[in-house]
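Examination of the molecular architecture
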Amino acid sequence: MEITILNTGEDKDEFHELAAGELGSTLRKAGKDYLGSKNLSENQLREMQQNDEQAFKQLEEEMTRHALEVAKVSRNTSVALRLNLDGPKQP
C-alpha cells in the first residue's frame, strides 16, 4: 500500500515543493498513522474500496485532513491523499 499526494489545484512549483522531500514524507506518514489508528488492514481497505466506495472516499478525505493538520499545512491547500492499495507499479 502506498499513499499518493494528488495536486487538486496548487501551482506546479508549489505542489512539487509540498509533495517532495520532508514535507511529502510527513504527509504520507501521517496518512499511514491515521489508517493505523483506525485499525484497518489492507484487506479491509480493499474490501471497503470495492464494496463501499462512499465510505472509502470519506476515509481518504479524513486521512487528508489529519495529515494536513499534523504537517501544519493549511487546510486550504489544494492537495489530497489517495490510497494505492496495489503498491508501486512494477516496470
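Residues numbered from 1 in each chain as written. Predicted model: local features only at pLDDT ≥ 70, side-chain atom pairs only at ≥ 80, totals over all residues. Heavy atoms only, no water.

1. Section: the overall build of the chain
Quick note on the threshold: Put simply, DSSP H or I for four residues or longer makes a helix, DSSP E for two residues or longer makes a strand, and each gets a number counted from the N terminus. It is over C-alpha atoms that the radius of gyration is taken, and the globule rule equals 2.2 Å times the number of residues to the power 0.38.
Scanning the chain for helices and strands turns up four helices and two strands. Secondary structure elements of the chain occur, N-terminal to C-terminal, as β-α-α-α-α-β. Against the globule reference of 12 Å for 91 residues, the chain gives a C-alpha radius of gyration of 13 Å, in line with a compact fold. Seen through its C-alpha atoms, the chain measures out along the principal axes to roughly 35 × 35 × 20 Å.

2. Examining the pairing of strand β2 (residues 79-84)
Applicable threshold: Only protein chains enter the accessibility calculation, which uses a 1.4 Å probe. A residue is then buried if its area is under 20% of the maximum for its type, exposed if over 50%, and partly exposed in between. Strand pairing requires that DSSP identify at least two bridges connecting the strands.
In terms of burial, β2 is largely enclosed, as five of its six residues are buried. Judged from the six bridges that link them, strand β1 (residues 2-7) and β2 form a sheet pairing that is antiparallel. Bridge pairing in β2 places Ile5 opposite Leu81.

3. Regarding the nonpolar core
We count it as follows: In this text, buried Ala, Val, Leu, Ile, Met, Phe, Trp, Tyr and Cys residues form a nonpolar core when linked through side-chain atoms within 4.5 Å. The contact criterion used is simple: two residues touch if any of their non-hydrogen atoms lie within 4.5 Å.
With 22 residues, the main nonpolar core has Ile5, Leu27, Met63, Leu81 and Leu83 as its most contacted residues. Secondary structure elements with two or more residues in this core: β1, α1 (12-19), α2 (21-37), α3 (42-51), α4 (53-70) and β2. Per-element accounting of this core gives the leading share, five residues, to α4. Setting aside residues no more than four positions away along its own chain, Leu81 makes contact with Ile3, Thr4, Ile5, Leu27, Gly31, Glu60, Met63, Thr64 and Ala67.

4. Some remarks on a negative patch on the surface
Put simply, the rule reads: For patch building, the residue pool is restricted to those with more than 30% relative accessible area and no salt bridge; the joining distance is 9 Å between like charges and 5 Å between nonpolar side chains (Val, Leu, Ile, Met, Phe, Trp, Tyr). Surface exposure here means Shrake-Rupley accessible area, sampled with a 1.4 Å probe, where a residue is shielded only by the protein chains that are shown. Salt-bridge detection follows one rule: a side-chain nitrogen of Lys or Arg within 4 Å of a carboxyl oxygen of Asp or Glu. In this tally, Asp and Glu contribute negative charge and Lys and Arg positive charge; neither His nor the terminal groups of the chain are included. Lysine's charge is taken at NZ, arginine's at CZ, aspartate's at CG and glutamate's at CD.
A grouping of Asp11, Asp13, Glu14 and Glu17 is seen on the molecular surface, where their side chains present a negatively charged patch. Locating Asp13 in the fold gives a position in helix α1.

5. A few points about the environment of Met48
With respect to the helices and strands, Met48 occurs in helix α3. Along the chain, Met48 and Leu18 lie 30 residues apart, while their C-alpha atoms are 29 Å from each other. Met48 has contacts with Leu40, Glu53, Ala55, Phe56 and Leu59, leaving out every residue within four places of it along the chain.

6. Examining the pattern of salt bridges
Applying the stated rule across the entire model yields five salt bridges. Across the pair Asp33 and Lys29 runs a salt bridge whose closest N-O atoms are separated by 2.9 Å. In this pair, Asp33 and Lys29 both sit in helix α2, four residues apart, roughly one turn of the helix. What makes Asp33 partly exposed here is its relative accessible area of 41%. A salt bridge links Glu60 to Arg82; the nearest nitrogen and oxygen atoms lie 3.7 Å apart. Linking Glu60 in helix α4 with Arg82 in strand β2, this pair joins segments that are 22 residues apart in sequence. Using a relative accessible area of 29% as the deciding quantity, one classes Arg82 as partly exposed.

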